[in-house]
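So you can see what is in the structure, the chains are spelled out below.
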Amino acid sequence: MEKVKLINKYAAGFVSDSDIAAMTPRAVEAMQKLHAKTGEGKDFLGWVTLPTDYDRNEFSRIKTAAEYIRKNCDILIVIGIGGSYLGARAVIEALKSPNYNALTNDTPQIYFIGNTISPSMVTELVSLCENKDICINVISKSGTTTEPAIAFRIFRDVVYRKYSPEEASKRIFCTTDREKGTLKKLADEQGYETFVVPDDVGGRYSVLTAVGLLPIAVAGIDIDAFMRGAQSAQKNLNSEDISENDCLRYAAIRNCFYEAGKKLECFISYEPCMTMFNEWLKQLFAESEGKDGKGLYPVSCIFSTDLHSVGQYIQESGGALMFETCLKFNTPLDDFTITEQEGNIDGLNFLAGKKMSLVNEKARQGTLLAHTEGGVANLIIESEGITEEAIGYMIYFFEKSCAISGYILGVNPFNQPGVESYKKNMFALLGKPGYESEKEKLEKELGIC
């Protein structure tokens, strides 16, 4: 079986074979444009061949650095925002656990910061570093993005208070531009080891670069197997026959839903360890497609948990608005057998001797039937298990389907111009030099005297 399989029969009542057939020429043209590098954003397509065309020397250095970090610190602080942290955190939580920091014994705890400006979050993490040996991996193409730059200021000071300048320089690892930028300049001056954010790979497509690989390797995950999964996806997902290429078919079906008036795609999983993976998917699709007034709005749920909150809405009001894409794993990371209880007070002895995985699967099947009957179409992205190779395959699958889908939609899937708007206002309100003319106007709009 392939590492990822698309099952769309539960969407057949909503998107027909003729709908898919009508969309197929546009999907094939979009994939051809991607392969030929003739579409918008063509300078950011390094990720397409990255699984096989990556820097072997840097890959080896990543392993060496990860080994050093594992041996020399209790805590690794990963500083980054958006694609600079989401992918790594998603992979670590999927393959290890959302409780990784509580469960790890032979690898450092890993905390992610620089993705918020919350003072309480920063203060809490600084306190966690007290009496601990720490290393830092700061990830920023320029070194001047506000959230990670502030965090790096703070934690760089923490490192230099703890260690001599010589020792501190060994504990700071910078993933940044190959040649230029504030962070690269500082790293060269201070002797920090550096890894590359490739010029032709945007942040949300960068999980398979040093951006994701160094933290993932520190967590003890086999990055060779992880890359093998992506290599398999790169090899398998090239056919222009939509019946053979699940990636191509998924991109086409998403656009069929969009043109039928759907507004939301809800990514769901029955494994809480996939929560952050869903967050990565939200960024991938929202930043890639959400522009020019177009695009599906990506949301996510973890079932059965969210069946007891937004499940009511999905069941009875979601049909006109959304469809669901379920990330399904046939084999759980672990399992548990339900025991028999004397007296059967909770009425659940009929489950005695059954595996929790079976109960979880029956909940999935029951929900699938209920939601489709309620008018909410379902797509299933199925994998045999949650392994390094499967997750590597899945990451490439979604990256490529997102790019194809964006080209079908008629947008540039590799820019994010809307992200800059809030930054401009924030800088003006903070009084950053060069923004003085905007400050007074914005304060009046906010009612600030």
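Scroll up for the structure.
About the criteria used
Each chain has its residues counted from 1, running along the sequence as written. Note on the predicted model: pLDDT of at least 70 is required for a residue's local features to be given, and 80 or more for side-chain atom pairs to be given and counted; whole-chain, interface and lining totals, by contrast, use all residues. Excluded from the side-chain calculations are hydrogens and water; all other atoms, namely the structure's heavy atoms, are used. A pair of strands is labelled paired if DSSP reports no fewer than 2 bridges between them. Elements are defined by DSSP. Helices are runs of H or I of four residues or more, strands are runs of E of two residues or more, and each kind is numbered from the N terminus. Here an angle of 0 to 180 degrees is reported between the N-to-C directions of two axes, which are lines fitted to C-alpha atoms, with helices fitted over the stretch in contact. We call two residues contacting when some pair of their heavy atoms lies within 4.5 Å. Residues forming no salt bridge and having over 30% relative accessible area are the ones grouped into patches, like charges within 9 Å of each other and nonpolar side chains (Val, Leu, Ile, Met, Phe, Trp, Tyr) within 5 Å. Here the accessible surface of atoms and residues is derived via Shrake-Rupley with a 1.4 Å probe, and residues count as covered only by protein chains that are part of the display. Each reported salt bridge corresponds to a side-chain nitrogen of Lys or Arg within 4 Å of a carboxyl oxygen of Asp or Glu. Each residue is assigned to one of three classes by its accessible area relative to the maximum for its type, calculated with a 1.4 Å probe on protein chains only: buried under 20%, partly exposed between the two thresholds, exposed over 50%.

Draft legend 1. Structural detail: the sheet that holds strand S1 (residues 5-7). Sheet architecture is open: five strands sit in the order S1-S10-S9-S7-S8, paired in mixed fashion. Where the open sheet ends on each side, the last strands, each with one partner, are S1 and strand S8 (297-302). Taking each pair of neighbouring strands and ignoring which way they run, the sheet shows an average axis angle of 25 degrees. By the bridge criterion, eight bridges tie strand S9 (residues 322-331) to strand S10 (residues 377-385) in an arrangement that is parallel. In the sheet register, Phe 323 faces S10, and the bridge partner there is Ala 377. Packed onto the sheet, helix H14 (residues 356-373) meets S9 and S10 and runs at close to 160 degrees relative to S10.

Draft legend 2. Quick look at unusual backbone geometry. Note the cis peptide between Phe 303 and Ser 304, where omega equals 10 degrees. On the secondary structure map, Ser 304 appears in the loop between S8 and helix H13 (311-317). With a phi angle near 60 degrees, Asn 131 is a residue other than glycine that sits in the positive phi range. Positive phi, normally seen in glycine, also occurs at Asn 344, with a value near 50 degrees.

Draft legend 3. Just a nonpolar patch on the surface, in detail. On the surface, Leu 429, Leu 446 and Ile 448 cluster together to form a nonpolar patch covering roughly 260 Å² of accessible area. Structurally, Ile 448 is set in the segment after helix H17 (436-446). Ile 448 gets classed as partly exposed once you look at its relative accessible area, which sits at 44%.

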